[in-house]
Amino acid sequence: MAEIMTIDKVCRGLQGEVAIPGDKSISHRSVMLSGLGSTPVHITNFLHAQDCLSTVACLRALGAEIEFQSDTELTVKGNGFHGLQEPGTVIDAGNSGTTLRLMMGLLSAQPFFSAFTGDASLHRRPMGRVAKPLSLMGARIYGREGNSKLPLAVVPAEGGLKGISYESPVASAQVKSALLLAGMYADGPTTVSEPFVSRDHTERMLAAFGVPVRREGTAVTIDSVMAEAYKAPAAIEVPGDISSAAYWLVAGSVLPGSKLLLKNVGVNETRTGILEVLEQMGAKLELVNERVSGGEAAADICVEAGPLKGTEFGAEIMPRLIDEIPIIAVAALLAEGDTIITGAGELRVKETDRLAAIEQEFNKLSPGAVETIEDGLVIHGGRPIQKARCFTYDDHRIAMSLAILGAAGDGVVLERPDCVNISYPAFYGDLERLRG
Ligand code: S3P
């Protein structure tokens with residue numbers, strides 16, 4: 001474990017190709033859904049990073065056979081739709097909100113006891129947003145602070161779960177997915193509506209397992225699933241993660257002289273808010289080789305450096321770029337003029353309070369450049385950037401964003417840089433390689 005890492009200024013831009021690592025959201029779902037099948041599923045371009053390995057450990061604890069052929073290629077074989085087994089130990093979701101929330105949904109519907117833990121960050125995050133609607137379905141979930149925080153335990157529902165119609169106050173794919181997974185085992189249909197449509201990877205992958213999910217506006221509905229209807233596909237190919245590509249989209253735009261080709265980026269329209277915002281800011285992006293792979297849109301993206309200007313966006317686009325706000329804030333800081341981001345209150349309950357972390361740390365590099373408002377940020381672009389020592393808060397996306405900001409400025413010393421292993425273990429290596 002490195003306690004500190006120095007990132008030097010990039011002088012001549014970044015050049016070359018980046019093979020974007022597998023999508024984190026899709027990797028989690030590929031293992032979970034395959035673990036409910038009865039035939040082996042061969043998964044390729046899996047994200048070999050800590051969060052997804054937490055999901056692998058979890059499914060193994062529930063009795064699925066999982067064998068890695070290489071870091072990014074594995075075979076998952078479940079024991080059938082009703083074949084999950086009572087875990088003999090506490091399930092550790094590590095740093096992964098997706099693992100915990102989706103598994104709470106899935107395990108609420110099982111006829112056995114399960115208990116969950118996670119790291120310090122996950123203990124602080126709100127789980128009531130999932131526990132509450134699951135309880136309305138009949139689930140029995142117990143935990144700290146009114147059954148809303150880890151450690152949590154799930155006891156079999158008396159008489160099974162019943163489908164509900166739930167209006168989620170937050171646009172959250174984790175809430176939606178937890179309820180869809182529970183809904184497969186419930187009596188009657190389950191409907192979840194949300195203020196804006198969140199990422200739809202669960203719905204798409206369920207379709208590949210023979211489970212249709214109906215959409216109407218911002219609502220999705222799943223019917224109770226018969227075991228015979230649940231059919232695992234032989235293979236799942238995971239596209240690259242646009243949330244990881246985001247660091248290079250911004251670095252390639254703001255580091256003068258850069259020209260990058262990002263290979264195999266997932267461009268599902270529920271995830272491409274960052275492309276819209278960067279284009280509004282004047283970035284030079286080009287999608288090439290557009291295709292569909294495993295039910296998901298993918299493309300290669302060329303990015304070339306050029307001047308950016310400030311912009312404004314809010315709640316409507318937020319679910320489509322929720323994880324990209326820290327790196328969009330870097331783009332804003334290096335753009336001409338002000339950027340105003342609203343409707344981003346969800347960032348306060350991510351791996352850390354990301355709005356506070358951005359204000360605190362970015363201002364060390366560019367004093368006075370960032371102001372937080374209750375649900376967003378005001379960023380004054382185009383100010384001088386100095387070298388500073390910054391803290392990552394053990395948050396992978398804060399660490400990678402600070403690294404790019406430092407590279408664009410006069411360098412940065414990162415305290416606790418290793419958290420990039422949560423979603424992008426090769427990040428620092430890729431940065432070194434691309435600077436030539
Ligand atoms: C995710 C959904 C998003 C996102 C997270 C991954 C998922 O969270 O921030 O990194 O895989 O469903 P919310 O659904 O809570 O917004």
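Residues numbered from 1 in each chain as written. Predicted model: local features only at pLDDT ≥ 70, side-chain atom pairs only at ≥ 80, totals over all residues. Heavy atoms only, no water.

(A) Looking closely at the site of the ligand. Every residue lining the ligand is accounted for by Lys24, Ser25, Arg29, Thr98, Ser172, Ala173, Gln174, Arg199, Ile322, Asp323 and Lys350. Between an oxygen atom of the ligand and a side-chain N or O atom of Ser172, the distance comes to 2.9 Å. Between an oxygen atom of the ligand and a side-chain N or O atom of Asp323, the distance comes to 2.7 Å. Coverage of the ligand by the protein chains reaches 95% of its 380 Å² of free accessible surface. The leading source of residues in the shell around the ligand is helix α1 (residues 24-34), at 3 residues. Looking at the shell around the ligand, its residues break down into 2 nonpolar, 4 polar and 5 charged. Counting only domains with at least three residues in the shell around the ligand, you end up with domain 1 (4-22 + 239-434) and domain 2 (24-237). (Near = heavy atom within 4 Å. Polar contact = N/O pair within 3.5 Å; in protein donor to acceptor, adjacent residues only side chain to side chain. Areas by Shrake-Rupley, 256 points an atom, 1.4 Å probe, with all protein chains shown as cover. Helix = DSSP H or I, 4+ residues; strand = E, 2+ residues; numbered from the N terminus. Nonpolar A, V, L, I, M, F, W, Y, C, P; charged D, E, K, R; others polar. Domains from an automatic or database assignment.)

(B) Expanded view of unusual backbone geometry. With omega at -10°, the peptide bond leading from Leu150 into Pro151 counts as cis. Here Asn147, not a glycine, exhibits a phi torsion of approximately 65°, which is positive. Looking at the element boundaries, Asn147 is found in helix α6 (residues 144-147). Its identity is not glycine, yet Asp394 carries a phi of approximately 55°, on the positive side. Residue class for Asp394 comes out partly exposed when judged on its relative accessible area of 34%. (Buried < 20%, exposed > 50% of the residue type's maximum accessible area, 1.4 Å probe, protein only.)

(C) Highlighting the packing of α1 against helix α8 (residues 201-208). Across the interface, α1 lies against α8 with an axial gap of 10 Å and an inter-helix angle of 35°. Taken as a pair, α1 and α8 cross one another with a handedness that is right-handed. Seen from α1, the contacting residues are Ser25, Ile26, Arg29, Ser30 and Leu33; seen from α8, they are His201, Thr202, Met205 and Leu206. Classifying every residue of the contact of α1 with α8 by side-chain character gives 4 nonpolar, 4 polar and 1 charged. (Axes fitted to C-alpha atoms, helices over the stretch in contact; angles between N-to-C directions. Left-handed = near helix turned anticlockwise from the far one by under 90°. Contact = heavy atoms within 4.5 Å.)

(D) The arrangement of helix α12 (residues 354-365) in detail. The first and last C-alpha atoms of α12 sit 16 Å apart over 12 residues, in line with the 16 Å expected at 1.5 Å per residue. Within α12, burial applies to Arg354, Leu355, Ala357, Ile358, Glu361, Phe362, Asn363 and Leu365. Considering only its buried residues, α12 is in contact with α11 (325-333), β20 (370-373), β21 (376-380), β22 (388-391), α13 (396-408) and β23 (412-415). One side-chain oxygen of the residue at the start of α12 lies 3.2 Å from the amide nitrogen of Leu355, identifying that residue as Asp353. (Expected span 1.5 Å × (residues − 1).)

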